[in-house]
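Observations on chain architecture
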Amino acid sequence: MPHLSVLPLRAGLAALRLGQPALPGAAGDGLRRAASLRLRPAERPAEAAIDALRGRLRRSPDAVEVVDYGAGSAGSNAPERAVAEVYRRAATGPAWGRFLFGLVRGMKPTGVLELGTNLGLGAAHLAAALALNEAEGAPHGRLVTLEGAPKLAALAAGHLARLGHGVGDDDACRVQVVVGPFAETLGPTAAAEGPFDLVFVDGHHEAAAALAYLATLRPHLADGALVVLDDVEPGRDVRAAWDALTAGPGAPPSFYAGKYGLLVHRPDAPAEAADSDLRGAATAAARETPPLPTSAGDA
Ligand SMILES: C[S@@+](CC[C@H](N)C(=O)[O-])C[C@H]1O[C@@H](n2cnc3c(N)ncnc32)[C@H](O)[C@@H]1O
């Protein structure tokens, strides 16, 4: 029997195979590739190295300082948490990591943004796929990942460097880790590093926050960019954001993958109207959905 965390993914992918509307363009290529969850021989070493990192984190005797950003953060108010517990509660698990890897392998993005680095597991899958794309002749792809807890960000940077990725601000590096609250880092980072072809929103799992971040990002998304929103299952706080974004005749092409919601950015929608729609939806979501009381671990 598959691990429980894989079941929503399998259900989402089964729905895709049963003929749910596919996403257009590169986003559709990514989704079709991600849906197989299969690895090609050339991809196995990179994914095996990430599996080995997972094993070390599961058994880690270390602790790390976290910062409580509410829902979606690394956890409670405790300034220090066991690394093994942070991994278990907050890191992207292997099946969803494989899904992210497949998205990048299929889409061949050059600009990827992640909100919420944590221990760097999602980033590891995204960066591994960028590296393989480049090795096969695709243009240099870069991941920018944002994290509010400095010690977590440093740990993640170390993990990514040990997996063989150049980590730093230089454009030649594959990964840049930006430290600070999203409210402070997202706007300047998006302006400096965008446009992005793929965005993974996996931190601060509150509906109003997600909508506000998307409004900030909108001018910095490439045509046909794919936005992946974590935690959109029914009953989760971010579900209200997903509902607001996917409702109505002008809604962008979207696909619900069981835990992740995938949206294709449509530049043809008038920017001002879309931004004010997002602001309106953010206000409504903030009124209707109280934040989750505890962290939203997503392993
Ligand atoms: C669920 S974890 C991210 C998991 C990671 N994306 C992965 O794939 O393994 C969420 C992370 O976002 C960070 N975070 C949450 N809210 C934040 C905020 N408002 N500003 C900066 N970082 C935030 C937390 O510290 C936490 O490490």
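Now for a look at the structure at hand. (Residues numbered from 1 in each chain as written. Predicted model: local features only at pLDDT ≥ 70, side-chain atom pairs only at ≥ 80, totals over all residues. Heavy atoms only, no water.)

**Looking at the nonpolar core**
Counting 50 residues, the largest nonpolar core has F99, L226, Y260 and L262 as the members making the most contacts within it. Examining the composition of this core, we find that nine residues originate from one element, helix α6 (residues 121–135), more than from any other. V199, L217, L221 and A240 belong to the second-largest nonpolar core, a separate cluster that totals 29 residues. (Core = buried A, V, L, I, M, F, W, Y, C linked by side-chain atoms within 4.5 Å. Buried < 20%, exposed > 50% of the residue type's maximum accessible area, 1.4 Å probe, protein only. Helix = DSSP H or I, 4+ residues; strand = E, 2+ residues; numbered from the N terminus.)

**Concerning the pattern of salt bridges**
In this structure the tally under the stated criterion is 14 salt bridges. Here E47 and R98 are joined by a salt bridge, their closest N and O atoms 3.1 Å apart. Note that E47 is positioned in helix α3 (residues 44–58) and R98 in helix α5 (residues 94–107), a separation of 51 residues in sequence. Residue class for E47 comes out buried when judged on its relative accessible area of 2%. The structure contains a network of salt bridges with shared partners spanning R33, E43, R105 and E136. (Salt bridge = Lys/Arg side-chain N within 4 Å of Asp/Glu carboxyl O.)

**Looking at the pairing of strand β3 (residues 111–115)**
Remark: a regular strand shows side chains that alternate across the two faces of the sheet. Where burial is concerned, most of β3 is hidden: five out of the five residues are buried. Pairing analysis gives five bridges linking β3 to strand β4 (residues 142–147), with the strands arranged parallel. Its bridge partner being in β4, E114 is matched across the sheet by T145. Where the polypeptide runs from β3 across α6 and back to β4, its parallel neighbour, the crossover connection is right-handed. Pairing of β3 with strand β6 (residues 196–201), which is carried by four bridges, proceeds in the parallel orientation. When the sheet's bridge partners are listed, V112 is paired in β6 with L198. (Pairing = 2+ DSSP bridges. Right-handed = clockwise from strand over helix to strand, strands pointing away.)

**Thoughts on helix α7 (residues 150–162)**
With 13 residues, α7 extends 18 Å from end C-alpha to end C-alpha; this agrees with the ideal 18 Å at 1.5 Å per step. Elements in contact with the buried residues of α7: α3, β1 (63–65), α4 (83–90), α6, β4 and β5 (175–179). (Expected span 1.5 Å × (residues − 1). Contact = heavy atoms within 4.5 Å.)

**Examining the pairing of β5**
In terms of burial, β5 is a largely internal element, four of the five residues being buried. As paired strands, β4 and β5 are joined by five bridges and run parallel to one another. Directly across from E147, in β5, lies its bridge partner V179. In this view, the connection linking β4 to its parallel neighbour β5 by way of α7 has right-handed handedness.

**Points about helix α10 (residues 239–246)**
Given 3.6 residues per helical turn, the α-helix brings residues three or four places apart onto the same face. The complete set of buried residues in α10 reads A240, A241, W242 and L245. Count one or two residues on from α10 and you reach G248, which has phi positive near 90°.

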